[in-house]
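So the chains spell out like this:
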Amino acid sequence: MTRTLIVWGCSSGAGKSFVATALCRWAARRGLRVAPFKAQNMSNNARVVPLADGGCGEIGAAQYFQALAAGVAPTVDMNPVLLKPEADTASQVVLQGRVAQELSRMPWRERSPALAAAARASFERLAAQHDLIVVEGAGSPAEINLAPQDYVNLHTARWARELGPTQALLVADIDRGGAFAHLHGTWALLPEDLRPLLQGFVFNKFRGDASLLAPGPEQLQALTGVPLRAVLPMQRDHGLPEEDGLYGSERQGSGLRIAIVAGPHISNLDEFHPLSRLPGVELVWARSAGALRGADWVVLPGSKQVRGDLRWLRAQGLEAELRAHVQAGRPVLGICGGLQMLGQSLHDPEGVDGQPYAEEPGLGLLPLRTHYRAPKRLLAGAVRFGAPQGPWAGLAGVAAQGYEIRCGHTQSEVPAVLHGADGQAIGWQQGAVLGLYAHGLFEDPAVLRALFGQRVPTLHQAFEQLADLIEAQPGLCELLA
């Protein structure tokens, strides 16, 4: 019989992903067959995983890392529905790893039954193969306007209850203030049939003297019957990429200054997390021309809507500053959508990247032309550099692990300097400008050594530190025993 532990949050950003990841490693250290699950994630940070039919699919980065923490191979069942925002009111629906165009065009309430059915099938497959499922909720389970369609929090809890013992934790970000009210209000708005599943409150991001919390936890338990199970300290560098937010944006002093252009549709930004941990490296998220001045490197990252971010870049006055950077011989790196922006032109007559258009001029810094067409290319595996020159010469001959998530197909007038897992050309250079289709290369120690002569703590070390945090909370350990 499978046991389920649900991690709900009082709000987005409360720390659900962080706590779920820590619980996955803690349970795995005790020999349990544990797997993560989130019925629906909304993020443009995605990872490539294998499908049962031999192809590749994509899931949210948070569940990918939770699977690694649990010591199991990531699968699409761990995040069966991924919504990738394309505009304020539109998202691409990825269902069990693959883009579902018809569902993407449907209104949210109308498509929810189909998504819920697929999510339940994934949950039941995982439950049949594991001792413990650690479920991460989404947002808050107390969004009463969405309750009939809330398969991510409420319906998942009911599915789990049918299959075996089920308990839930509720996490509040105490650093925001109002945590007692958040916990009590969320508990009060939970459906009555699910309220008994809630077996513990968690304060996350606490700093200060924990004795000052009294008598709040006792009063809250008297009101709700739910004990405070853990007070987790603020973790300024827990070793995990941020799921959606930016990091390392403030001036850190002297050293290598890397400016990452942060357009409105930026994607896969989690791949830059290792750079934020390198001594002597400062990350700046550039939204204005001034933020590019004085940068040693400029990075154009991935984008969920390349033409939109390219037009934004121009509207913000970044193009002139970028050209000045190139004329000074300083390195520029474009990754996926950033690579496409660096080329001569973009062509999207079918509107794969957004609204259809015949041609959009690129920045003209690489001799490339990109045409968008379905299906999306998804591939993960070893990539290998040829012989890049100049500031990128250290990468010559380096093999690393990377992944591709894209619809653009690029033609080049210069030889490739990087080839993908299937041998396809996926990287080109002209002068100090380098464009790559491979994501995730900064997560590979070989790339960090080649470019910076350094390494950062491994994910394994980060997972172990998170499990130690759980170990230090007797109330949580008692619940999980």
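Scroll up to find the structure.
For clarity, every value in this text was computed on a predicted model and none was experimentally measured.

(A) Just the pattern of salt bridges, in detail. Summed over all chains, the structure comprises 31 salt bridges. Ionic pairing is found between Lys205 and Asp173, a salt bridge with its closest N-O pair at 3.6 Å. Taken together, the residues span a long stretch of sequence, with Lys205 in strand E11 (residues 198-206) and Asp173 in strand E10 (residues 166-173) at a distance of 32 residues. The exposure class assigned to Lys205 is partly exposed, which follows from its relative accessible area of 25%. The exposure class assigned to Asp173 is buried, which follows from its relative accessible area of 7%. Residues Arg293 and Glu321 are paired through a salt bridge, measuring 3.2 Å at the closest nitrogen-oxygen approach. One end of the pair, Arg293, is in the loop between helix H9 (289-292) and strand E16 (297-300); the other, Glu321, is in helix H11 (residues 318-327), with 28 residues separating them in the sequence.

(B) Local environment of the packing of helix H6 (residues 179-189) against helix H7 (residues 216-224). Contact pair H6 / H7: the axes reach a minimum separation of 11 Å and the direction vectors enclose 10 degrees. The angle between the axes of H6 and H7 places the two elements in the roughly parallel class. Contacts between H6 and H7 involve Phe180, Leu183, His184 and Trp187 on the former and, on the latter, Gly216, Pro217, Leu220, Leu223 and Thr224. Looking at side-chain class alone, the contact of H6 with H7 contains six nonpolar, three polar and no charged residues.

(C) Looking closely at the sheet that holds strand E3 (residues 40-42). The mixed open sheet is built from four strands, whose spatial order is E3-E6-E7-E8. Here the strands that pair on one side only, and so sit at the sheet edges, are E3 and strand E8 (98-99). Sheet topology places strand E7 (residues 90-95) next to E8; two bridges connect them, and they run antiparallel. Following the sheet pairing, Val94 is matched in E8 by Val99.

(D) Looking closely at empty space enclosed by the protein. Across all of its chains, the model carries three cavities of 30 Å³ or more by this definition. For the largest cavity, the calculated volume is near 90 Å³. Considering the residues around the largest cavity, the lining is formed by Glu271, Leu333, Ile335, Phe385, Trp392, Leu395, Leu436, Ala438, Leu441, Phe442, Val447 and Leu451. For the lining of the largest cavity, the elements supplying multiple residues, two or more each, are strand E18 (332-335) and helix H13 (445-452). Residues that form the lining of the largest cavity fall into these classes: 11 nonpolar, no polar and one charged. Approximately 70 Å³ is the volume found for the second largest cavity. What lines the second largest cavity is Val261, Gly263, Ile266, Leu300, Pro301, Gly302, Ser303, Asp309, Trp312, Leu313 and Met341. For the lining of the second largest cavity, the leading source of residues is helix H10 (residues 306-315), giving three residues. Residue classes in the lining of the second largest cavity are distributed as seven nonpolar, three polar and one charged.

(E) Representation of the nonpolar core. In this structure, Ile258, Leu275, Leu363, Phe442 and Phe452 are the most contacted members of the largest nonpolar core, which totals 65 residues. Other than its neighbours up to four places away in sequence, Phe452 contacts Leu256, Ile258, Leu275, Leu278, Val281, Trp297 and Phe442. Ile6, Ala100, Val135 and Ile174 belong to the second largest nonpolar core, which has 44 residues in total.

(F) Molecular detail of unusual backbone geometry. In the segment running from Ala214 into Pro215, the intervening peptide bond is cis, with an omega of 5 degrees. Mapped onto the elements of the fold, Pro215 is located in the loop between E11 and H7. In the segment running from Ala374 into Pro375, the intervening peptide bond is cis, with an omega of 0 degrees. Along the chain, Pro375 falls in strand E21 (residues 368-385). Positive phi, close to 45 degrees, is recorded for Gln96, a residue that is not glycine. Relative to the helices and strands, Gln96 is located in the loop between E7 and E8. With phi around 55 degrees, Asn268 is a residue other than glycine that occupies positive phi space. By secondary structure assignment, the location of Asn268 is in the loop between strand E14 (266-267) and helix H8 (273-276). Residue Asn268 is classed as buried on the basis of its relative accessible area of 3%.

(G) Local environment of the environment of Ser288. For Ser288, the location among the structural elements is in the loop between strand E15 (281-286) and H9. For Ser288 and Ala315, which are 27 residues apart along the polypeptide, the C-alpha to C-alpha distance reads 9.7 Å.

What counts, and where the lines are drawn
Every chain begins its residue count from 1, and numbering advances along the sequence as written. Only residues with pLDDT of at least 70 are given local features in this predicted model, and only at 80 or more are side-chain atom pairs given and counted; all residues enter the totals for whole chains, interfaces and linings. To get the side-chain values, take all heavy atoms of the structure and skip hydrogens and water. Salt bridges are identified by distance alone: a Lys or Arg side-chain nitrogen within 4 Å of an Asp or Glu carboxyl oxygen. In DSSP terms, a helix is any run of H or I states spanning at least four residues, a strand is any run of E spanning at least two, and both are numbered starting from the N terminus. Three labels apply to residues, based on accessible area from a 1.4 Å probe with only protein chains included: buried if under 20% of the type maximum, exposed if over 50%, partly exposed otherwise in between. Orientation is described by axes fitted as lines to C-alpha atoms, over the contacting stretch for helices, and by angles from 0 to 180 degrees between their N-to-C directions. Geometric relationships in this document are graded by angle, where less than 35 degrees denotes roughly parallel, more than 145 denotes roughly antiparallel, 65 to 115 denotes roughly perpendicular, and other angles denote oblique. We call two residues in contact whenever any of their non-hydrogen atoms come within 4.5 Å of each other. Residue type decides the class: Asp, Glu, Lys and Arg count as charged, Ala, Val, Leu, Ile, Met, Phe, Trp, Tyr, Cys and Pro as nonpolar, and the leftover types, Gly among them, as polar. Here the rule is simple: two strands pair whenever DSSP picks up at least two bridges between them. A pocket, in this scheme, is an open set of points on a 1 Å grid over the protein atoms alone with protein on both sides within 12 Å along at least 5 of 7 lines, while a cavity is a set where a 1.4 Å probe fits but cannot get out; residues line either one if an atom lies within 4 Å of a point. Grid points are joined across faces, edges and corners, and a volume is the space filled by probe spheres set on the points. In this text, buried Ala, Val, Leu, Ile, Met, Phe, Trp, Tyr and Cys residues form a nonpolar core when linked through side-chain atoms within 4.5 Å.

Shape is all these values report; function is a separate question.
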